[in-house]
Structure formats: C-alpha cells, structure tokens
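An overview of the molecular structure
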Amino acid sequence: RSLFDPHFACAGRAYSEKTSKRPNHPVIMAVDTSTPMETDEGISTIATKTEAMDSSATPAGAVTNNAEMAISDEEEAQQAIEMLRGDEVAERIAAANKLERVAKTLGDERTREELLPFLTDGVDDEDEVLAAIATSLGKLVPYVGGPSHVHTLLVPLEILLSVEELFVRENAQKSAEEISKALPNDAYHSKYTDMISRLANKEWFTARVSACVLISQSFQRLISSEQEIQVNNFAKLCRDEVPMVRRSAAQNLGKMVMSIVTIRGMASVSGAGAGGMLSTTFIPLYEELASNEQPDSVRLHTTENCIAFGKGMTNVQQTKGIDGLSVEAVNVLVKKIVPLILATIEDRSWRVRWTAASKFADVVAAFKDLEGSMEALVPAYEKLLQDPEAEVRTAATLNLAEVAKSNGKVPPPLARGESEDDPSRSHISVARRLAKKV
C-alpha cells in the first residue's frame, strides 16, 4: 500500500481495526517501542523483535543504531505526509519544507510515481503551504532519478505558476529557473518551452504573468526558432488587456533587451525583420508601455527599461568591427529612447518621477557614451532637482554626486539674453554646469 494512501497509518499510531496485518510496504514502519502492534504473530513490540536478533552476527549496539537511524528517516517521511494531510496549517507548512528529506527517503522512483502526483493533487491548499511546496520543488532535482527525469517536476510546478497569490508564483518562478538549469537540451527545448507557451496563452491572467518572467529567464538558451515564438508571445503579453500582465511584461522588458543584444550583437539593431529585433519589435513595445495611456504601475518601469536600452546600445557600439550602418542605427534608436525617459520627468504621477530621480545616476552611466544623449539628460535632471514634490527632489539630490562625476560635456546654462545658437557657448563638464545651476 502506498505511503500516500489516506488510510495508511502514520508513525506511532495503531492501524484501523479493519486492518489485521501490517501492509506489505517497502518502507519500514516507524513505531514507538512502547506501543504494541498487531501482527500475524500476535502482539509484539519492536523491543521483543530486537531481543530475538542473532547477536553473534553483528554487535548489538550497531544493529540498534542502524535500526534507529532507518526508523527515524522513515518516520520523518511518514509524519511529513500525514502532516500535509492534517488540519493544522502550521504543520502542513512544516511538512512542505521537509519534502527534500521525504524524497530522499522514498527514492527516485517512488518520488516520481507517488510524491509528485500527491503534490499535484494537493494544490488547493493555503497559500503559505503552496509557497513552501513551490520552494521545495526546486530542491527535488537530485531525487527524481537524474537529468532524464527532471521534467517530471514541471507538472506540479506549472500549476503553482498559475495560482493567484503573488508570493507563491514568485517561489515557483525561482524553482522553475533552478529546474530548467538541470534539464537536458532535448527536454528543455520541448517540455520546458512548451510549458512557457502554455502559460503565455492560458485564460487566467496569473499564468500569463509568470510567462513574462520565464520568457526573459530562458531566452538566451532558446534556439532561433524558439526565440521567434517567445518574442511573439512576449509582444502579445506587453499588449495584454490585463494591467498586471503588462506590468510584469514591463518589469522584464529590460532583461529581454539585454538578452537580445548579448545573443545577436550588431544584428539586433541593424537590418530588417528578425535581424533588427530591437528596432522592429522592442522599441515599439517600449513606446507603448511608456505611454500616458498606461497605468502608473506599468509606467514605473520606464526608467529601468531605459537603462537597459542604454546599456544595450553602448554594448553594440563598442562591438569590434561595427560598421557605419550599425552606428547610425544605434544613433537612431537613442533618439527614440531619450525622449521617453525625458517624458517620465514630467509625468503626472509623482511616483513615476521619483523612480526616474532615484535611478538617474544609472541612466547617465548607461547613456554617457552615446552621442547627443547627455545634452538632453542633464537639463532634464535639473528639473528633477526642482520638482514640486519633496520626495522627488530628495531622490534626485541623492544622485547628484554620481551624475556630476560623468565625463560628458554639456552646454552651460543659458544666461539672461543669451541664445542657444550663440557660437561662443563652449561645452563644459557636467559637474561645472550642475554647480552653476544649483
């Protein structure tokens, strides 16, 4: 009888009166030595059986110690399963945190055939229990029988990636990343990518939220055809009707940009179609997610995405052997990106402006080597230093020293009656301009 049979007795507890024998089960029943158990031979105890052992073959102390260790492992596994079925939430949480020990005790085959189906059937539990199970799944990789069986963990994991509670999904996403690292290529490019596509197209929005995270995590390991599929999925998620899905897409847009630049290099910005993926796909997505039509929760990520684009463009520009066409493509993209970060500085939401102010040193570091960007960014930063909200001014001021250290040259502040076209206005350091302005 399976350890997961609801009628199977827990450790230290007598069987039901309907059962006249111990089940013929490979797991050693852990029993309190003071409690008699009913067997075919009548009433006996573990102590009586121990006395009947042949003491001449093995030292009695060694037998006792080994038996106690075996009983302890089995007892812990059985108690954990009973606790998972119990009524106390705290006990179920504690048991869920012991799944690694349970799997080690059961062995590879029984973990796959009994423990994982049991967990899959029990995903309607309290959120705290599900969060513990989601974390434990990532630790079961060594106990399912090697790389060829790691994909069996994806079945309960996919369900947990779709639950409503955010912290359960976050734990499941972390476990998904750990499990994916252990998957062999054939399983990764079939079962794991198929799971991501299913999540991206499920009706319930929480699954689509998780898909945004998993697509960005997995993108660099995908082959070219899979990348095209997942980029299309991601683009659809960026335009999803549910704001929470668009927010998750905005949170992961920067990771996607850096992955594409890492994989494709110059081809990510120049050319048409798939070759210029940043130009043709991700710049339009960025513009949509940064527009005023989006809720604050989505626009909050405009600055972080701007930093990712700046770093990506800088990496492309520093690529050895870059041609003039690619340099021009980078300059065109920069001219599209900079106005979007400038728009956050005048955003109607003070939280969006605060995000821009708190990360402006990172913005400057990402764009300082890109042509024409500093001339636009520094005057915009000065507006943040004079923002009507004290929180925004404080965040901007905390970045003042780092912004001033940038090596770029910018025009000096306009004096009264002076024109921007005046040829006598020579560029000065960022620190000098900020000192004059402050």
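Computed from a predicted structure; not experimentally measured.

Within the protein, the secondary structure is distributed over 22 helices and four strands. Here the protein holds 438 residues, and the buried ones make up 47% of them. A fraction of 64% describes how many contacts in the protein between residues 6 or more apart in sequence connect residues 24 or more apart. Summed over all atoms, the accessible surface of the protein reaches about 21500 Å², with 50% contributed by carbon and sulfur.

Here we take up the packing of helix 11 (residues 224-238) against helix 13 (residues 277-289). Two elements in contact, helix 11 and helix 13, have axes whose closest approach is 10 Å; the angle formed by their N-to-C orientations is 20°. Put simply, helix 11 runs roughly parallel to helix 13. Pair helix 11 / helix 13 crosses with left-handed handedness. Residue-level inspection shows Glu-228, Val-231, Phe-234, Ala-235 and Cys-238 of helix 11 in contact with helix 13, the latter providing Met-277, Thr-281, Phe-282, Leu-285 and Leu-289.

So, about the pattern of salt bridges. Within this structure, the stated rule accounts for 15 salt bridges. A salt bridge links Glu-304 to Lys-359; the shortest N-O distance between them is 3.6 Å. On the criterion of sequence distance, the pair formed by Glu-304 in helix 15 (residues 302-317) and Lys-359 in the loop between helix 17 (350-358) and helix 18 (360-367) is long-range, its members being 55 residues apart. Three or more residues joined by partner-sharing salt bridges are found here, namely Glu-158, Arg-198 and Lys-202.

Let us look at helix 5 (residues 108-121). Taking 1.5 Å per residue as the helical rise, helix 5 with its 14 residues ought to reach 20 Å, and the 19 Å between its terminal C-alpha atoms agrees with that figure. By the largest-angle criterion, Leu-115 marks the main kink of helix 5, which is about 25°, and a proline, Pro-117, follows within four residues.

Below, the discussion takes up the packing of helix 6 (residues 127-137) against helix 8 (residues 166-182). Viewed as axis vectors pointing N to C, helix 6 and helix 8 meet at an angle of 10°, and their least axial separation amounts to 7 Å. As far as their axial angle goes, helix 8 and helix 6 are roughly parallel. Facing helix 6, whose interface residues are Asp-127, Glu-128, Leu-130, Ala-131, Ala-134, Thr-135 and Leu-137, helix 8 presents Phe-167, Val-168, Asn-171, Ala-172, Ser-175 and Ile-179. Grouping the constituent residues of the contact of helix 6 with helix 8 by class yields eight nonpolar, three polar and two charged.

Our next topic: the layout of surface pockets. A volume near 370 Å³ is recorded for the largest pocket. Taken together, 18 residues make up the lining of the largest pocket; nearest its centre are Leu-166, Glu-170, Gln-173, Val-213 and Gln-251. Listed by contribution, the elements that provide at least two residues to the lining of the largest pocket are helix 8, helix 10 (205-218) and helix 12 (243-264). Partitioned by chemical class, the residues of the lining of the largest pocket number five nonpolar, six polar and seven charged.

Formed by 113 residues in total, the largest nonpolar core has its most connected members in Leu-119, Leu-137, Leu-153, Tyr-192, Leu-278, Phe-282 and Phe-367. In terms of residue count, the dominant contributor to this core is helix 16 (residues 324-345) (nine residues). Discounting residues that sit within four places of it in the chain, Leu-153 has contacts with Leu-116, Leu-137, Leu-140, Val-141, Val-144 and Ile-179.

Turning next to the confidence of the model for the protein. This prediction gives the protein a mean pLDDT of 80; 78% of its residues lie at or above 70. Counting interchain partners and residues more than four positions distant, the pLDDT-below-50 stretch residues 6-58 has 71 contacts. Note that residues 60-64 has pLDDT below 50 and, in this model, three contacts with residues that lie over four places away or in other chains.

So, on to the environment of Gly-254. Tracing the chain through its elements places Gly-254 in helix 12. We classify Gly-254 as buried; its relative accessible area is 9%. With 32 residues separating them in the primary sequence, Gly-254 and Tyr-286 have C-alpha atoms 9.3 Å apart. Not counting residues within four places of it along the chain, the set of residues in contact with Gly-254 comprises Asn-305 and Ala-308.

The rules behind the values
- Residues numbered from 1 in each chain as written.
- Predicted model: local features only at pLDDT ≥ 70, side-chain atom pairs only at ≥ 80, totals over all residues.
- Heavy atoms only, no water.
- Helix = DSSP H or I, 4+ residues; strand = E, 2+ residues; numbered from the N terminus.
- Buried < 20%, exposed > 50% of the residue type's maximum accessible area, 1.4 Å probe, protein only.
- Contact = heavy atoms within 4.5 Å.
- Areas by Shrake-Rupley, 256 points an atom, 1.4 Å probe, with all protein chains shown as cover.
- Axes fitted to C-alpha atoms, helices over the stretch in contact; angles between N-to-C directions.
- Parallel < 35°, antiparallel > 145°, perpendicular 65-115°, else oblique.
- Left-handed = near helix turned anticlockwise from the far one by under 90°.
- Salt bridge = Lys/Arg side-chain N within 4 Å of Asp/Glu carboxyl O.
- Expected span 1.5 Å × (residues − 1).
- Bend = angle between axes of the 7 residues up to and from the residue.
- Nonpolar A, V, L, I, M, F, W, Y, C, P; charged D, E, K, R; others polar.
- 1 Å grid on protein atoms, 1.4 Å probe; cavity = no way out; pocket = protein on both sides within 12 Å on 5 of 7 lines; lining within 4 Å.
- Points joined across faces, edges and corners; volume = space filled by probe spheres on them.
- Core = buried A, V, L, I, M, F, W, Y, C linked by side-chain atoms within 4.5 Å.
- pLDDT = per-residue confidence, 0-100.

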